[in-house]
Amino acid sequence: MLFNSIAFLIFLPIVFAGYFLLPHKIRWAWLLLSGYVFYGWWRWEYLGILVFTTLLDYYCARKIFANSINSIRKKWMLLSVLTNLAVLFVFKYFNFFLGDFEKVK
């Protein structure tokens, strides 16, 4: 779904209306679901990766706030950041570097 498409012009008011009509406690779930729909509209094949990183980041955040020891908190933060950077590298830059590596051979 592109920002300048008819589908987005229909989607955006639905998301806003749902956000303001739903109780405050479940608005986060509505926005999460809306984000998944928006992203899945473009490439549904990658939704599994998005769900994986969402769940991992949520788990790491829970562990960070549950611990008062800074070294443990930093390890959970590092796990979250490095995992997201690894996913970004693999799906955005891996083919680029692979192509450059093959040219060197």
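Residues numbered from 1 in each chain as written. Predicted model: local features only at pLDDT ≥ 70, side-chain atom pairs only at ≥ 80, totals over all residues. Heavy atoms only, no water.

Visitor: Explanation requested: the environment of Ile49 in the structure shown.
Guide: Following the sequence through the fold, Ile49 ends up in helix H3 (residues 47–66). C-alpha of Ile49 to C-alpha of Val87: the two residues are 38 residues apart in sequence and 8.2 Å apart in space. (Helix = DSSP H or I, 4+ residues; strand = E, 2+ residues; numbered from the N terminus.)

Visitor: What is the right way to look at helix H1 (residues 6–21) in this model?
Guide: Residues that lie three or four places apart on an α-helix share one face, since the helix turns once every 3.6 residues. Taking 1.5 Å per residue as the helical rise, H1 with its 16 residues ought to reach 22 Å, and the 23 Å between its terminal C-alpha atoms agrees with that figure. The complete set of buried residues in H1 reads Phe8, Phe11, Val15 and Gly18. End-on, the buried residues of H1 take up no more than an arc of 95 degrees, which puts them together on one face. Those residues of H1 that are exposed and aimed more than 90 degrees away from the buried face are Ile6, Leu9, Ile10, Phe20 and Leu21. Buried positions along H1 lie against helix H2 (27–42). (Expected span 1.5 Å × (residues − 1). Buried < 20%, exposed > 50% of the residue type's maximum accessible area, 1.4 Å probe, protein only. Arc of directions from axis to C-beta. Contact = heavy atoms within 4.5 Å.)

Visitor: In this structure, what is going on with the side chain of Ser80? I would like to understand it.
Guide: Position of Ser80 relative to the elements: it lies in helix H4 (residues 70–104). What Ser80 contacts, discounting residues up to four positions off in sequence, is Asp57 and Cys60.

Visitor: Which parts of the structure should I look at to understand the side chain of Ser5?
Guide: Tracing the backbone through its elements, the reader meets Ser5 in the segment before H1. Given a relative accessible area of 19%, Ser5 falls into the buried group. A distance of 3.2 Å separates the side chain of Ser5 from the backbone nitrogen of Phe8, its partner in a polar contact. (Polar contact = N/O pair within 3.5 Å; in protein donor to acceptor, adjacent residues only side chain to side chain.)

Visitor: Help me out: how do you make sense of the environment of Ala7 in this one?
Guide: By the element assignment, Ala7 lies in helix H1. The spacing of Ala7 and Phe38 is 31 residues in sequence and 9.9 Å in space, taken between C-alpha atoms. Setting aside residues no more than four positions away along its own chain, Ala7 makes contact with Met1 and Trp41.

Visitor: Help me understand the environment of Asp57 in this model?
Guide: Along the chain, Asp57 turns up in helix H3. For Asp57 and Asn84, which are 27 residues apart along the polypeptide, the C-alpha to C-alpha distance reads 8.7 Å. Excluding residues within four positions of it along the chain, Asp57 makes contact with Ser80 and Asn84. Only 2.9 Å separates the side chain of Asp57 from the side chain of Asn84, close enough to count as a polar contact.

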